[in-house]
Amino acid sequence: AALEEYHEHLCTRQDDNHPVAQLDELWRNIHMPPETTSIELILRILILTGSGRKGDFLSGFCNDYTCQIDGESYNHQFLENKWVQEIEMVRQQVEDIIQNIFKGNQEAGDRVREWLTPEGFKSLIAILGTNGAGIGTSSFARYASAVANSELLETEENQFDEFLDDIYAKFEEESGSFLDCEGSGLFLMQSCCNHSCEPNAEVAFPNNSAKLQLRALKDIKPGDEVCISYLDACNLRRCKQERSELLRNNYLFNCECPKCMRQLENPYESDPDSEEDEEEEEDEEEEEECQVGEVS
């Protein structure tokens, strides 16, 4: 396999002077852990692309890194203006590593050349930023979901929401927005699912594997769109304004799902009834092999 063929180029063997180890350190200084796994996923994607073993699989993913929303320009948070110089340094290091791997293999070099240009590299980062799935689970998210599904008085629910906002703000200061994420992966079918703040399906990784599973959260009738949440359980409980900001900065769109439409008049208030009407249904599971991924 391609990854086995080029393993010697990616394995750092705990050598701090290894090019990949230096690339990891540079990326780590730009983005908080565990996003460090993303940069090695980029290397693996480029190796697979250069080898030609998966064809043009990247064409199936959205690679927009900028958009206009209500007349205002947004860049993906990975590509904000404050990171321009750092991203260019990362691109140059990635280019050096890939060129060394494909040295003497012109055909492989031709396959990856477009992704190593400044614009192509931005698109590659955008593919991961808008389509990548964090492989792992959050124990805190499971706790928040369990509390939310319990019977709480309105005052207790409001207090719990304030607690979540406060604790998540502190989490972000220390570890970024991604908690307990063990790696990053690209899954073509999952990337085709649109977001809803009232999803009818969810993403899961059963048995701590790298195999992604779509589970129904409610009855899905023939012809209904399968929607997942791009936000975790805790962020879904935030007010419309905060959810919208997260979605614009991370996924470059303005959410117009039913829940957001209901909250237009009160964008700073949460929706206490959003989860009360959901009935337990038998899970309908659909597995998908990871297109390409890395678990650290």
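Residues numbered from 1 in each chain as written. Predicted model: local features only at pLDDT ≥ 70, side-chain atom pairs only at ≥ 80, totals over all residues. Heavy atoms only, no water.

Undergrad: Even after reading the chapter, I still don't get the nonpolar core, so can you show me in this structure?
TA: Taken as a class, soluble globular proteins show a tendency for nonpolar side chains to be buried jointly. Grouped together as the largest cluster of nonpolar side chains are 40 residues, with contacts concentrated most on Leu-46, Val-90, Val-94 and Ile-98. Within the residue set of this core, elements represented by two or more residues are helix H3 (19-30), helix H4 (36-51), helix H5 (84-101), helix H6 (106-112) and helix H7 (118-131). The element that contributes the greatest number of residues to this core is H4, accounting for 8 residues. (Core = buried A, V, L, I, M, F, W, Y, C linked by side-chain atoms within 4.5 Å. Buried < 20%, exposed > 50% of the residue type's maximum accessible area, 1.4 Å probe, protein only. Helix = DSSP H or I, 4+ residues; strand = E, 2+ residues; numbered from the N terminus.)

Undergrad: Please explain the packing of aromatic side chains as it appears in this structure.
TA: Two aromatic rings, taken as a pair, are described by how far apart their centres are and by the angle between their planes. Counting across every chain of the model gives 4 aromatic pairs. On the numbers, 4.8 Å between centres and 45° between planes, the contact of Tyr-230 with Tyr-251 is tilted. Of this pair, Tyr-230 sits in the loop between strand S8 (227-228) and helix H11 (233-236) while Tyr-251 sits in helix H12 (residues 240-251), placing them 21 residues apart in sequence. Take Tyr-251: its relative accessible area is 19%, and that puts it in the buried class. (Phe/Tyr/Trp six-rings, centres within 6.5 Å; stacked < 30°, edge-to-face > 60°.)

Undergrad: Would you take a moment to explain the packing of H3 against H5 for this structure?
TA: Geometry of a packed helix pair, given as the angle between the helix axes and the separation of the axes. Packing of H3 against H5 brings their axes to within 10 Å, and their N-to-C directions diverge by 165°. Classified by the angle their axes make, H3 and H5 are roughly antiparallel. As for how H3 packs across H5, the hand of that crossing is left-handed. Counting all contacts with H3, which are made through Pro-19, Val-20, Gln-22, Leu-23, Leu-26, Trp-27 and Ile-30, the residues of H5 involved are Glu-86, Ile-87, Met-89, Val-90, Gln-93, Val-94 and Ile-97. Of the residues in the contact of H3 with H5, the class split is 11 nonpolar, 2 polar and 1 charged. (Axes fitted to C-alpha atoms, helices over the stretch in contact; angles between N-to-C directions. Parallel < 35°, antiparallel > 145°, perpendicular 65-115°, else oblique. Left-handed = near helix turned anticlockwise from the far one by under 90°. Contact = heavy atoms within 4.5 Å. Nonpolar A, V, L, I, M, F, W, Y, C, P; charged D, E, K, R; others polar.)

Undergrad: Where do I start with the packing of H5 against H7 in this structure?
TA: Axis separation between H5 and H7 bottoms out at 10 Å; the angle between their running directions is 100°. By the angle between their directions, the pair H5 and H7 is classed as roughly perpendicular. Along the contact surface, H5 presents Ile-87, Glu-88, Val-90, Arg-91 and Val-94, while H7 presents Pro-118, Phe-121 and Ile-125. Grouping the constituent residues of the contact of H5 with H7 by class yields 6 nonpolar, no polar and 2 charged.

Undergrad: Where do I start with H5 in this structure?
TA: Structural remark: α-helix, 3.6 residues per turn; residues separated by three or four positions point the same way. The end-to-end C-alpha distance of H5 is 26 Å, a good match for the 26 Å that 18 residues give at a rise of 1.5 Å each. Listed as buried for H5 are Ile-87, Val-90, Arg-91, Val-94, Ile-97, Ile-98 and Ile-101. Down the axis of H5, the smallest arc covering the buried residues is 130°, so these residues share one side. (Expected span 1.5 Å × (residues − 1). Arc of directions from axis to C-beta.)

Undergrad: Where do I start with unusual backbone geometry in this structure?
TA: Across residues other than glycine, the phi torsion is negative in most instances, and most of the peptide bonds are trans. Of note in this structure, Asp-70 is not a glycine but carries a positive phi near 55°. Positive phi values are uncommon outside glycine, yet Leu-252 reaches one of about 60°. Positionally, Leu-252 belongs in the loop between H12 and helix H13 (258-262).

Undergrad: It is not clear to me how the state of the cysteines should be interpreted in this structure. Could you clarify?
TA: Note on terminology: a disulfide is the covalent bond linking the sulfur atoms of two cysteines. Considering all chains together, one arrives at 0 disulfides under this definition. No disulfide involves Cys-62; its nearest neighbouring cysteine sulfur is the one of Cys-67, lying 9.6 Å away. For the unlinked cysteine Cys-260, the closest cysteine sulfur is that of Cys-255, found at 3.6 Å. Exposure remark for Cys-260: the relative accessible area of 0% places this residue in the buried category. (Disulfide = S-S within 2.5 Å.)

Undergrad: Sorry if this is basic, but what is going on with the pairing of strand S1 (residues 66-69) here?
TA: Taken residue by residue, a regular strand's side chains alternate between the two faces of the sheet. Burial along S1 is one-sided: the residues Cys-67 and Ile-69 are buried and none of Thr-66 and Gln-68 is. In this sheet, strand S2 (residues 72-75) lies alongside S1 in antiparallel orientation, the contact comprising 4 bridges. Counterpart to Cys-67 in the pairing with S2 is Tyr-74. The antiparallel hairpin formed by S1 and S2 contains 2 residues in its connecting segment, where Asp-70 sits at a positive phi of about 55°. (Pairing = 2+ DSSP bridges.)

Undergrad: Sorry if this is basic, but what is going on with the environment of Met-189 here?
TA: One can find Met-189 in helix H10 (residues 188-191). Along the chain, Met-189 and Phe-61 lie 128 residues apart, while their C-alpha atoms are 9.7 Å from each other.

Undergrad: Help me understand the environment of Ser-73, please; the structure alone is not making it clear to me.
TA: Residue placement: Ser-73 occurs in strand S2. It is 9.7 Å that separates the C-alpha atoms of Ser-73 and Leu-252, two residues lying 179 residues apart in sequence. If sequence neighbours within four positions are ignored, Ser-73 has contacts with Thr-66, Cys-67 and Gln-68.

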